[in-house]
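# Secondary and tertiary structure notes
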Amino acid sequence: MPPTAPVRVTDPVNLMTPGQICAERLTHRQLVQLTLTTEDTIIFCAKRRLLANSSTCPACHVPRLLIRDTSVKADGVRWRCPRCRSLKTIRDGSLFSNSCLELNQLLTFIYFWCEDLLQRDCARQSNMSERSAVEWAEFCRNVCQQHLVENPMLVGGPRVDPATGNFLEPHTVEIDESLLAK
Ligand SMILES: [Zn+2]
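Now for a description of the structure that goes with this document. (Residues numbered from 1 in each chain as written. Predicted model: local features only at pLDDT ≥ 70, side-chain atom pairs only at ≥ 80, totals over all residues.)

Counting its secondary structure elements, the protein chain contains seven helices and three strands. Mapped in sequence order, the helices and strands of the protein chain form the string α-α-α-β-β-β-α-α-α-α. A buried classification covers 18% of the 182 residues belonging to the protein chain. Of the contacts made within the protein chain by residues no fewer than 6 positions apart, 50% connect residues no fewer than 24 positions apart. (Helix = DSSP H or I, 4+ residues; strand = E, 2+ residues; numbered from the N terminus. Buried ≥ 20, exposed ≤ 12 C-beta atoms within 10 Å, placed from the backbone. Contact = placed C-beta atoms within 7 Å.)

This part covers the sheet that holds strand 3 (residues 87–88). The three strands are arranged 1-2-3 in an open sheet whose pairing can be described as antiparallel. Strands at the two margins of the open sheet, each flanked by one partner only, are strand 1 (65–69) and strand 3. Pairing geometry for strand 1 and strand 2 (residues 76–80), over five bridges, is antiparallel. Its bridge partner being in strand 2, Leu 65 is matched across the sheet by Arg 80. (Pairing = 2+ DSSP bridges.)

Below, the discussion takes up the nonpolar core. In terms of nonpolar packing, the biggest core is built from 23 residues, with Ile 42 and Phe 109 touching the most fellow members. Mapped onto this core, the elements with two or more residues apiece are helix 3 (38–47), strand 2, helix 4 (103–114), helix 5 (119–125) and helix 6 (130–150). Per-element tally for this core: the top contributor is helix 4, with seven residues. Looking at which domains feed residues into this core, each of domain 1 (1–94) and domain 2 (99–152) gives three or more. What Ile 42 contacts, discounting residues up to four positions off in sequence, is Val 9, Leu 51, Asp 75, Val 77, Ile 90 and Leu 103. (Core = buried A, V, L, I, M, F, W, Y, C linked by C-beta atoms within 7 Å. Domains from an automatic or database assignment.)

Buried within helix 3 we find Thr 41, Ile 42, Phe 44, Cys 45 and Ala 46. Where helix 3 is buried, its residues meet helix 2 (28–34), strand 2 and helix 4. Directly after helix 3, the chain includes Arg 49, whose backbone phi takes a positive value near 60°.

Next up on the list: unusual backbone geometry. Positive phi, close to 60°, is recorded for Arg 49, a residue that is not glycine. The backbone of His 61 shows a phi angle near 55°, a positive value even though the residue is not glycine. Mapped onto the fold, His 61 is located in the loop between helix 3 and strand 1.

On to the pairing of strand 2, then. Note that strand 2 and strand 3 share two bridges and pair antiparallel. Residue Trp 79 lies in a different strand from strand 3, and its bridge partner there is Lys 88.

Once that is clear, we can look at the packing of helix 3 against helix 4. Relative to each other, helix 3 and helix 4 sit at 55°, their axes nearing to 10 Å. It follows that helix 3 is oblique to helix 4 by the angle criterion. The segment helix 3 lies against helix 4, with Thr 41, Ile 42 and Cys 45 engaging Leu 103, Asn 104 and Leu 107. Split by residue class, the contact of helix 3 with helix 4 holds four nonpolar, two polar and no charged. (Axes fitted to C-alpha atoms, helices over the stretch in contact; angles between N-to-C directions. Parallel < 35°, antiparallel > 145°, perpendicular 65-115°, else oblique. Nonpolar A, V, L, I, M, F, W, Y, C, P; charged D, E, K, R; others polar.)

Where helix 4 contacts helix 6, the two axes come as close as 11 Å, and the packing angle between them is 60°. For the element pair helix 4 / helix 6, the angle class is oblique. Helix-helix and strand crossings are classified by hand; for helix 4 and helix 6 the assignment is right-handed. Counting all contacts with helix 4, which are made through Phe 109, Ile 110 and Trp 113, the residues of helix 6 involved are Ala 133, Trp 136, Ala 137 and Cys 140. (Left-handed = near helix turned anticlockwise from the far one by under 90°.)

Looking now at the environment of Thr 10. Examined against the element boundaries, Thr 10 turns out to sit in the segment before helix 1 (18–23). In sequence terms Thr 10 and Asn 53 are 43 residues apart; their C-alpha atoms lie 6.6 Å from each other. Those residues within four positions of Thr 10 in sequence are excluded, and the remaining contacts are Ile 43, Ala 46, Lys 47 and Asn 53.

Below, the structure written as structure tokens:
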């Protein structure tokens, strides 16, 4: 009997919590070591919830299998329903779903964008065209902006009344979209 294809990228115990993901500070060398092969990269992404760890066929309500697929744009694997045999990219519903670039290129670009490299240097490091770099830089900015809108943070700590020492209502600060642009 042929071995059964897995229904998960990685064991769910390996999935990082949002807190662990936010607290992680990877050096570029660590990122490279964790993403040496396409398979490593997919596991890296699944652990950090950048790719789904499993997939369910909406028609058959059964878990799809992770099958090897060497066709272009398949990332080496694809989800396939064991009943209706429909296929789904592992990028479905992820940040990467609309891109044809390799996952490693995208991770490299995002890493250096977060490190504040100039856009053209992010492009060079990730072997990405200037045009793709423009799109991905805009995408990164939008993700950050969305995060700030959904997670308003206190800038400069709480306001304290100097006379009484009591906390005051925080000021609301409007963030101009252009200020987020690099
Ligand atoms: Zn199905």
